[in-house]
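Coordinate inspection notes
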Amino acid sequence: MFGLVVRFDLRSGAAGEFDRLVAETLPLIVSVEPGTLVYATQEVEGEPDVRIFYELYRDRVAFDEHERQEHVRGFLAAREEFLAGPPRVEFLTGVGGKGLPGGAQ
């Protein structure tokens, strides 16, 4: 498996608009990306202008396919107006643990 965690620091007051953009994009990720195993978006307690994405893919090829999708490319372009700075991306390898797709241990 291949995963990543992304932290988005949003402009003050932009969280609602960013969340709407995510809500428009997420159904397409779910419906047309079989290699995207987990795509979780979360708020950070006590930090209303921060969002965390946890993404888990079957492999690096599935991630690359995700990045090529038109809905993802649209999200990546549209999100820029809501960001206070560049997102922080942490790429993860050797992912395993309880509750992961495919029974990974």
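You'll find the structure just up there.
Figured I'd write up the structure that's included with this text.

Calculation notes
Residues numbered from 1 in each chain as written. Predicted model: local features only at pLDDT ≥ 70, side-chain atom pairs only at ≥ 80, totals over all residues. Heavy atoms only, no water. Pairing = 2+ DSSP bridges. Helix = DSSP H or I, 4+ residues; strand = E, 2+ residues; numbered from the N terminus. Axes fitted to C-alpha atoms, helices over the stretch in contact; angles between N-to-C directions. Contact = heavy atoms within 4.5 Å. Core = buried A, V, L, I, M, F, W, Y, C linked by side-chain atoms within 4.5 Å. Buried < 20%, exposed > 50% of the residue type's maximum accessible area, 1.4 Å probe, protein only. Parallel < 35°, antiparallel > 145°, perpendicular 65-115°, else oblique. Nonpolar A, V, L, I, M, F, W, Y, C, P; charged D, E, K, R; others polar. Polar contact = N/O pair within 3.5 Å; in protein donor to acceptor, adjacent residues only side chain to side chain. Left-handed = near helix turned anticlockwise from the far one by under 90°. Expected span 1.5 Å × (residues − 1). Bend = angle between axes of the 7 residues up to and from the residue.

**Description of the sheet that holds strand S1 (residues 2–9)**
Here four strands make up an open sheet; going across it, the order is S2-S3-S1-S4 and the pairing antiparallel. Each of the sheet's edge strands pairs with one partner strand only, and the pair in question is strand S2 (36–44) and strand S4 (88–93). Mean inter-strand twist for the sheet, computed between neighbouring axes without regard to direction, equals 15°. Sheet topology note: the S1/strand S3 (residues 47–57) ladder contains eight bridges and is antiparallel. Directly across from Val 6, in S3, lies its bridge partner Phe 53. Its contacts with the sheet place helix H2 (residues 60–68) against S1, S2, S3 and S4, and it is angled at close to 130° to S3.

**With respect to the nonpolar core**
Counting 20 residues, the largest nonpolar core has Leu 4, Phe 8, Leu 10, Phe 18, Phe 53, Tyr 57 and Phe 75 as its most contacted members. Among the elements of the structure, S1, helix H1 (15–32), S3, H2 and helix H3 (70–78) are those that each provide at least two residues to this core. Excluding residues within four positions of it along the chain, Phe 8 makes contact with Phe 18, Asp 49, Val 50, Arg 51, Phe 53, Arg 79, Leu 83 and Pro 87.

**Focus: the packing of H2 against H3**
Contact pair H2 / H3: the axes reach a minimum separation of 5 Å and the direction vectors enclose 70°. It follows that H2 is roughly perpendicular to H3 by the angle criterion. The segment H2 lies against H3, with His 66, Glu 67 and Arg 68 engaging Glu 70, Val 72, Arg 73 and Leu 76. Among the residues making up the contact of H2 with H3, the classes are represented as two nonpolar, one polar and four charged.

**Comments concerning the side chain of Thr 25**
Along the polypeptide, Thr 25 turns up in helix H1. Of the polar contacts made by the side chain of Thr 25, one reaches the backbone oxygen of Leu 21; its length is 2.9 Å. In this view, Thr 25 contacts His 71 and Phe 75; residues no more than four positions away in its chain are not counted.

**A look at the packing of H1 against H3**
Between H1 and H3, whose axes approach to 9 Å, the crossing angle comes to 165°. Regarding the angle of H1 to H3, the classification is roughly antiparallel. Judged by the twist between their axes, the crossing of H1 over H3 is left-handed. Between H1 and H3, the contacting residues are Phe 18, Leu 21, Val 22, Thr 25, Leu 28, Ile 29 and Val 32 on the first element and His 71, Val 72, Phe 75 and Ala 78 on the second. A breakdown of the residues in the contact of H1 with H3 according to their chemical character gives nine nonpolar, two polar and no charged.

**Notes on H1**
Taking 1.5 Å of rise per residue, the 18 residues of H1 would be expected to cover 26 Å, and the 26 Å separating its terminal C-alpha atoms lies within 8% of that figure. Along H1, the helix axis deviates most sharply at Thr 25, where the bend reaches about 25°; the proline Pro 27 sits within four residues downstream. Among the residues making up H1, those that are buried are Ala 15, Phe 18, Leu 21, Val 22, Thr 25 and Ile 29. Summarising the contacts, the buried residues of H1 are in contact with S1, S2, S3, H2 and H3.

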